[in-house]
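# Structure assessment
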Amino acid sequence: MNKKRSALGLALLLGVAVGLSACNMPTESPDGSVLTYTDAHGNRVSYTAEELLGDYLDDGGSLSTEFDRVYEVLVRNYYNDPSQASVLEELQDRARADVITDKQTATSNASSNGTSFEEEFEIILNSHDCDNADDLYEYHLYQEEQSRFLDDFYATFGTGDSSINGTEVMRDGLIPLADGKSQPAFPESEEWGNGDDGYLKEEMPYHVRHILVKLGSATTGNFTQDVISETNDAAEATNLATVIFQLAGVNEQLATQSVRWSFGEIAQRLSDDDGSAANMGELATADGTGLVTRLSDYVPEFKLGIFAYESLYNEREKATEYGQENVYRITPGLTEFADTVDDVDSDQILADGTLVHDFFDELGIGQIPFGAALALWDNRDVETDDNGNRVNDNNAAFYPRNIIFNKYFNKHNVCVITPNAIELNATSPLASGDNDIATAAAAAAQTPASGSTVTGENYLGAHSDTFASLPGFSVDTSDILPGINGNLNDNVLTDQEGQVVLVVRASSDNYQGVHFIVINRSALSQYGLSKTTATDGTESYVANTSEDDTVPTLSEYYTTYTTSSSLYPKDDDGNPLTTYVNYNHPQAKDQTTRSGNLVGEIRGYNDNLTTFQFQSLVDGTATGAKIEFANKEVEADLQTYVQTSRQSSMDDDFNAWADAWLAYAELIQVQNQARAQGADTMTGGLISEACAVGFGTHDSDLWKENGACYYDAE
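Residues numbered from 1 in each chain as written. Predicted model: local features only at pLDDT ≥ 70, side-chain atom pairs only at ≥ 80, totals over all residues. Heavy atoms only, no water.

A separate point is the overall build of the protein. What the protein contains, in helices and strands, is 25 helices and 18 strands. When each of the 714 residues of the protein is scored for burial, the buried share is 54%. Put simply, 66% of the contacts in the protein that link residues at least 6 apart link residues at least 24 apart. As displayed, the protein has an accessible area near 29,500 Å², and 45% of this comes from carbon and sulfur atoms. (Helix = DSSP H or I, 4+ residues; strand = E, 2+ residues; numbered from the N terminus. Buried < 20%, exposed > 50% of the residue type's maximum accessible area, 1.4 Å probe, protein only. Contact = heavy atoms within 4.5 Å. Areas by Shrake-Rupley, 256 points an atom, 1.4 Å probe, with all protein chains shown as cover.)

Rendered as structure tokens:
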């Protein structure tokens with residue numbers, strides 16, 4: 001019998017390239033067994049060390065090889081069980097067909113290459129480490145058995161119970177039991193190592209939408225004097241302001257629109273991300289899901305901005321029991337084995353000695369006054385003074401739009417938009433005295449200028465009743481960001497559906513831009529949100545603390561069924577709930593695609609799925625079959641391999657996670673240091689808003705030599 005090793009395709013399941021030949025299947029032996037396999041019917045089959053491990057024992061092969069060998073035995077025996085007779089027959093037919101295909105390939109290659117069938121068939125045999133057609137058949141049979149075994153696992157989690165959806169077991173990390181209770185699907189154990197809590201908790205998926213305003217003139221790493229364009233081809237200032245106006249439900253004259261656009265409609269019409277714009281703002285990702293997860297590949301401002309907001313700043317999502325239970329999973333700067341938000345990692349530290357966790361916690365949510373959008377619109381194309389002269393050697397950083405952009409929008413930490421006015425609003429064409437947007441409070445709170453210097457630069461603006469009355473600020477957000485600006489009555493900008501609009505400046509190799517983000521479903525929200533309306537008409541969204549038949553639970557939100565299925569989540573009247581699968585996708589074809597993409601994501605998230613299958617088969621928890629190891633050394637080797645594989649994956653994931661937070665913290669720290677440079681005197685760093693206010697006349701000391709607004713190229 002062939003003693004070669006071969007790659008059995010176990011890389012698909014285990015992530016290793018070394019396997020054992022399927023044609024080297026051990027024969028049964030009742031004596032001197034290493035392990036005894038007892039199936040669900042009580043049938044026992046024993047294997048000796050030589051029969052089980054073959055030449056592995058002779059040359060001291062790797063632990064993965066030993067694991068592969070025993071895994072092969074378990075899968076082979078699974079299909080040798082009498083209950084699987086019809087399935088085995090089907091798989092044998094497929095294996096014979098695979099051999100025929102290989103022979104046809106050899107014939108075709110011989111014709112193309114001017115060689116013989118025997119030469120080409122030998123190449124195929126060697127590629128699978130088999131000696132002849134019989135060996136090749138055994139190789140293909142095991143390939144077919146592996147594939148079907150995985151399919152069976154996904155179908156019923158290996159239980160054979162058709163009422164159990166194996167993929168949804170992986171999603172929730174729980175196996176439902178007949179009594180209505182459940183048991184862990186991937187339990188932790190002393191023998192086998194780390195467990196797994198399932199896709200929803202391990203990956204913390206966020207279903208979000210976004211609008212991207214690209215800034216083709218901006219650059220990476222310029223935190224204080226970057227520039228944006230305003231031309232027919234690149235009206236970046238106009239685009240930025242227009243998106244904010246539309247989100248607030250008004251036009252550029254601040255007139256309330258008769259029909260307020262939804263976030264999706266705004267994305268469709270105004271977003272510069274063509275892929276997501278066509279999908280009403282839903283992300284166009286390589287995996288097709290459009291979901292943001294802990295290890296998904298997005299720029300840190302986008303992904304980690306969302307996680308920082310949810311874990312540190314969003315008080316509503318953290319308030320529920322489910323939120324408190326899971327918020328640590330996305331909190332920055334915690335230890336690898338954290339299970340509360342108090343498990344801060346002292347090794348994740350910035351150069352100045354600040355802990356990464358403390359840095360983000362103390363940073364707080366960034367704020368952008370709505371008045372900055374109005375000022376950006378009013379000054380979008382101002383590039384000369386009142387006499388038509390280019391000033392400061394035509395340094396574009398001094399254009400009012402760029403002063404506004406850098407001060408209020410050029411921030412890589414996640415921000416919200418407040419109903420505040422800024423100093424430039426006092427000179428807006430829309431202002432009409434102290435009773436309108438340029439209120440006395442707004443003007444008085446702004447940057448005071450004295451002589452050639454500016455002191456006490458204000459970055460938050462002051463509350464404006466006019467802005468606060470806009471539709472976009474009508475939803476009560478006081479439970480999400482209480483006391484923002486110290487004003488308990490201030491709301492932040494939300495979309496038409498009441499979702500808080502997050503704003504963040506982002507840079508990548510592919511684009512410069514500003515993201516506007518809303519979260520459709522938070523991974524911290526087990527029972528979703530319900531809309532309430534106060535007697536004064538104020539709307540708010542409250543986190544449910546128990547099931548509401550009109551709102552899907554988190555598991556229901558990520559259902560793997562489509563609306564045509566009887567198993568799709570429905571309300572008490574039998575109406576389909578709005579879930580990830582049908583959100584913005586009423587068509588059956590689209591739902592099938594979304595469900596398929598989600599299923600693929602769930603099935604692929606766990607790099608150590610095979611080790612959990614192995615554990616389940618050995619323990620007999622799924623199939624009723626049990627493995628007994630007479631040779632404790634082999635058993636210990638297998639357990640060591642499983643423990644090591646799981647811990648290695650966990651370490652790799654944690655290190656990538658921790659490194660990403662550290663790099664993002666360093667980015668924000670550099671940004672804040674640049675913005676703080678000369679903050680009182682305006683001798684460097686950001687250019688004062690006072691320079692934008694006086695840009696047209698230049699008749700103050702601020703514009704004279706050595707003044708805060710003076711620039712000399714030499």
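To summarise the sheet geometry, strands pair through backbone hydrogen bonds and adopt either a parallel or an antiparallel arrangement. The three strands lie next to each other as β13-β17-β16, forming an open sheet whose pairing is mixed. Both edges of this open sheet fall to β13 (475-476) and β16 (529-533), since each of them pairs with a single strand only. Pairing of β13 with strand β17 (residues 539-543), which is carried by two bridges, proceeds in the parallel orientation. Note on β17: the bridge partner recorded for V475 is E539. (Pairing = 2+ DSSP bridges.)

Another aspect to go through is the packing of aromatic side chains. Enumeration over the complete set of coordinates arrives at 26 aromatic pairs. Taken together, a centroid distance of 5.5 Å and an interplanar angle of 10 degrees make the contact between F117 and F121 stacked. Taken together, the residues span about one helical turn, with F117 and F121 both in helix α6 (residues 117-127) at a distance of four residues. Judged by its relative accessible area of 30%, F117 is partly exposed. Aromatic ring contacts, followed pair by pair, group Y206, F307, F359, F360, W657, W661 and Y664 into a single cluster. (Phe/Tyr/Trp six-rings, centres within 6.5 Å; stacked < 30°, edge-to-face > 60°.)

Our next topic: helix α16 (residues 356-363). Along an α-helix, residues three or four apart share an orientation, since each turn contains 3.6 residues. Considered for burial, the residues of α16 that qualify are V356, H357, F359 and F360. Down the axis of α16, the buried set is contained in an arc of 165 degrees. They therefore lie on one face. Following α16 by one or two positions, G364 adopts a phi angle in the positive range, close to 75 degrees. (Arc of directions from axis to C-beta.)

What follows deals with the state of the cysteines. In this structure the tally under the stated criterion is one disulfide. One disulfide in the model links C691 with C709; its S-S distance is 1.9 Å. Disulfide C691 to C709: torsion about the S-S bond roughly -95 degrees, handedness left-handed. Residue C691 is located in helix α25 (residues 689-693), and its partner C709 is located in the segment after α25; the two are separated by 18 residues in the primary sequence. Its relative accessible area of 0% is what places C691 among the buried residues. (Disulfide = S-S within 2.5 Å.)

On to the nonpolar core, then. In terms of nonpolar packing, the biggest core is built from 59 residues, with F245, L247, F370, F409, I417 and F516 touching the most fellow members. Contributing elements (two or more residues each) for this core: β5 (206-214), α10 (236-248), α11 (263-270), α17 (370-378), α18 (400-409), β8 (415-418), β15 (512-521) and α25. For this core, the leading source of residues is α10, giving eight residues. The residues contacting F409, other than those within four sequence positions of it, are L240, I244, I368, A372, A373, L376, I404 and R505. Grouped together as the second largest cluster of nonpolar side chains are 42 residues, I330, I365, I517 and Y664 included. (Core = buried A, V, L, I, M, F, W, Y, C linked by side-chain atoms within 4.5 Å.)

With respect to the secondary-structure elements, S565 resides in the loop between α21 (554-557) and α22 (588-604). Of note is the side chain of S565, whose polar atom sits 3.0 Å from the backbone nitrogen of L567. (Polar contact = N/O pair within 3.5 Å; in protein donor to acceptor, adjacent residues only side chain to side chain.)

One can find H210 in strand β5. A distance of 2.9 Å separates the side chain of H210 from the side chain of D273, its partner in a polar contact. Within the structure, the side chain of H210 is placed 3.0 Å from the side chain of H515, a separation counted as a polar contact. Here H210 is in contact with F263, A267, S271, D273, S276, G281, L283, F302, H515, F516 and I517, once residues within four sequence places are set aside.

Moving on to the pattern of salt bridges. Tallied over the entire structure, the rule returns 21 salt bridges. A salt bridge links R209 to D495, with the shortest nitrogen-to-oxygen separation between them at 3.4 Å. Of this pair, R209 sits in strand β5 while D495 sits in the loop between β13 and β14 (502-507), placing them 286 residues apart in sequence. Overall, R209 belongs to the buried group, its relative accessible area being 2%. Measuring nitrogen to oxygen at the nearest pair gives 3.0 Å for the salt bridge that ties R390 to E383. (Salt bridge = Lys/Arg side-chain N within 4 Å of Asp/Glu carboxyl O.)

Here the focus is the environment of E635. Turning to its location among the elements, E635 is positioned in helix α24 (residues 632-676). Taking the C-alpha atoms as reference points, E635 and E191, 444 residues apart in sequence, are found 9.6 Å from one another. Polar contacts involving the side chain of E635 include one to the side chain of K632, which spans 3.3 Å.

Once that is clear, we can look at helix α13 (residues 300-313). Counted at 1.5 Å a residue, the expected span for α13 with its 14 residues is 20 Å, but the 17 Å between its end C-alpha atoms falls short. Summarising burial for α13: 13 of the 14 residues are buried, a large majority. (Expected span 1.5 Å × (residues − 1).)

On average, residues of the protein score 86 in pLDDT, and 86% of them reach the 70 mark or higher. The model gives residues 1-30 a pLDDT under 50, and that stretch makes 102 contacts with residues more than four places away or in other chains. (pLDDT = per-residue confidence, 0-100.)

This paragraph deals with the packing of α16 against α24. Orientation of α16 relative to α24, taken along the N-to-C sense of each, is 50 degrees, at an axis distance of 10 Å. Comparing the axis directions of α16 and α24 gives the class oblique. The way α16 lies across α24 gives a crossing that is left-handed. The segment α16 lies against α24, with V356, F359, F360 and L363 engaging W661, L662, Y664, A665, I668, Q669 and N672. (Axes fitted to C-alpha atoms, helices over the stretch in contact; angles between N-to-C directions. Parallel < 35°, antiparallel > 145°, perpendicular 65-115°, else oblique. Left-handed = near helix turned anticlockwise from the far one by under 90°.)

This brings us to the environment of C415. With respect to the helices and strands, the residue C415 is situated in strand β8. With a relative accessible area of 1%, C415 lands in the buried category. Distance in space between the C-alpha atoms of C415 and G366 is 3.9 Å, their sequence separation being 49 residues. Ignoring any residue separated from it by four or fewer positions in sequence, one finds C415 in contact with I365, G366, Q367, I368, V501, L502 and V503.

With that settled, consider the pairing of β8. Burial of β8 is two-sided: the residues C415 and I417 facing one way and the residues V416 and T418 facing the other way are all buried. Of the pairings in the sheet, the one linking strand β7 (residues 366-369) to β8 comprises four bridges and is parallel in character. Residue pairing across strands places P369 opposite T418, the latter belonging to β8.

For D393, which is not a glycine, the phi torsion comes out positive at approximately 55 degrees. Tracing the backbone shows D393 in the loop between α17 and α18. In this model, N706 sits at a positive phi of 75 degrees, which is unusual for a non-glycine residue. Examined against the element boundaries, N706 turns out to sit in the segment after α25.

Viewed as axis vectors pointing N to C, α17 and α18 meet at an angle of 160 degrees, and their least axial separation amounts to 9 Å. When the interaxial angle is binned, α17 and α18 end up roughly antiparallel. Our pair here, α17 against α18, has a crossing hand that is left-handed. Two secondary-structure elements touch here, α17 through A372, A373, A375 and L376 and α18 through R401, I404, F405, Y408 and F409.

Before going further, it helps to spend a moment on the environment of G371. Along the chain, G371 falls in helix α17. On the basis of relative accessible area, G371 is assigned to the buried category, the value being 0%. With sequence-adjacent residues up to four places away left out, G371 is seen in contact with N420, A421, I422, N425 and F467.

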